[in-house]
Amino acid sequence: MLQKDNIAKGKDSTGRIADTDAFIKGLWRENPVFVQVLGMCPVLAVSNSAENALAMGLATMFVLAMSNMLVSSLRNFIPKQARIASYILIIATFVTITDYAIQAISVDLHKSLGAFISLIVVNCLILSRAEAFASKNSVLPSLLDALGMGGGFVLGLFCLGAVREILGNGTFFGLALFPEGFQPWIVMILPAGGFFTLALWLLIFNRWKVK
Amino acid sequence: MNESFGNIFINACLVNNFVLAYFLGICPFLGVSGKMETATRMGGAVTFVMLISSLCAFGIHALLVAIDAPYLQLISYIVVIASTVQLVEMFIKKMSPALFRSLGIFLPLITTNCAILGLALFQTNKGYNLPQSFVYALGAGLGFTLALMLIAGLREQMEFAEVPRMVKGTVLTLIIAGILSLAFMGFAGLGNG
């Protein structure tokens, strides 16, 4: 009886550890932005302010979570040869939903994100999670994996967006941070600043890994 | 609407370079820009697919407007691009096995290149007509190739430079790309005249 209990407990706890791990790894150890360097196009393009970065990150996270759930629940029905095409169709459906939802919530936000919402379709992060994780696991771990990876993606985008907005505009979420005389570094909100900021963050991460 | 072909070309190729100003197609940009030869081939393949998918996207847009179903835009674009890539792959394999071998894995990878889908979406948003779309696709493709080749050339030179271990690889490429992006800003205003 006791043994049985222990085994049950052991199974439970290992199960939980595995689930938590599916969630945690995306946030830190396999962070999609800083470690895997996946889905860079939106990361660089819309991270010119903290607000845009956050909105883009959340939109991607939503698409990732929904498509991972659907892919994992359909994983036994999708034929092997047609799987990539099916995944892309599933992703495109959710991206269309997100696109229209953002347009309904805030027209300004939709305008500033522009075509990059539609371009979530070709974000390699989403396809790679569908192929590498959701197609082999059941619904709950897939959802956790998506939330973890999506969370990591939001974190990465936010880190970039915050730095670029603070230095390039002198504001944070539209609030002025510096006294009057501050000369904003215009270059940071220009495309070049995106490359430099990402390089800087990767440098910090590399430094931390080398240690 | 009434932009001249020259303006569209210069805009797509230099002023709003897809890689350095719009950040489209960064994945192959970081991935295959290590060698000049692969960079050139990749650029050629992307330009080719861009031209074809731009024409297809123009047709689909006209069709979707006719049947009043704009919400199908994204889904039909991505399906068409994926099947175009597949068709091009089969065609090249049949017609020129040598070219097929030299392009290798890059051909199927073009499907998930955001520059292609981005081009289709931008040309629809800008309301270009058929010849204008064609010139736009040509400019974008050549601009992509140019950026890829510039980076590849610089990276080949940097192979022999002594850089700290932390900076090697992606970080170095990103810094070079940033400097190139600054340089390309010098073209701003060129396409307006």
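A brief structural summary.

Quick notes on the rules
Residues numbered from 1 in each chain as written. Chains lettered and ligands numbered in written order. Predicted model: local features only at pLDDT ≥ 70, side-chain atom pairs only at ≥ 80, totals over all residues. Heavy atoms only, no water. Helix = DSSP H or I, 4+ residues; strand = E, 2+ residues; numbered from the N terminus. Buried < 20%, exposed > 50% of the residue type's maximum accessible area, 1.4 Å probe, protein only. Contact = heavy atoms within 4.5 Å. Areas by Shrake-Rupley, 256 points an atom, 1.4 Å probe, with all protein chains shown as cover. Buried area = accessible area lost by both parts, 1.4 Å probe. Salt bridge = Lys/Arg side-chain N within 4 Å of Asp/Glu carboxyl O. Polar contact = N/O pair within 3.5 Å; in protein donor to acceptor, adjacent residues only side chain to side chain. Patch = residues over 30% accessible without salt bridge, like charges linked within 9 Å, V, L, I, M, F, W, Y side chains within 5 Å.

Side note on the overall build of chain A
No. 1: For chain A, the count of helices and strands is 8 helices and 2 strands.
No. 2: Scanning chain A from its N terminus toward the C terminus, one meets helices and strands in the order α-α-α-α-α-α-α-β-β-α.
No. 3: Summarising its shape, the C-alpha atoms of chain A cover approximately 75 × 40 × 30 Å along the three principal directions.
No. 4: Looking at the 211 residues of chain A, the share that counts as buried comes to 49%.
No. 5: Considering only contacts in chain A between residues 6 or more positions apart, those separated by 24 or more positions represent 74%.
No. 6: Carbon and sulfur atoms form 67% of the exposed surface of chain A, whose accessible area is close to 10,300 Å².

Re the interface of chain B and chain A
No. 1: Each side of the interface is counted separately: chain B has 36 residues, and chain A has 33 residues.
No. 2: Considering only the surface of chain B that becomes buried against chain A, F23(B), M166(B) and L174(B) emerge as the three largest contributors, covering 24% of it.
No. 3: At the junction of chain B with chain A, the criterion picks out 0 salt bridges.
No. 4: If you look at where chain B meets chain A, you find 1 residue pair in polar contact (both at pLDDT 80 or more).
No. 5: Elements that contribute at least two residues to the side of chain B that touches chain A include exactly helix 2 (26-31), helix 4 (73-95), helix 7 (114-126) and helix 9 (170-184) of chain B.
No. 6: The leading source of residues in the side of chain B that touches chain A is helix 9 of chain B, at 9 residues.

Points about a nonpolar patch on the surface
Residues and elements named next belong to chain A.
No. 1: A cluster of nonpolar side chains, namely L70, L74 and F77, defines an oily patch on the protein surface of about 280 Å² accessible area.
No. 2: Along the chain, F77 falls in the loop between helix 3 (50-73) and helix 4 (83-105).
No. 3: For F77, a relative accessible area of 66% puts it in the exposed group.

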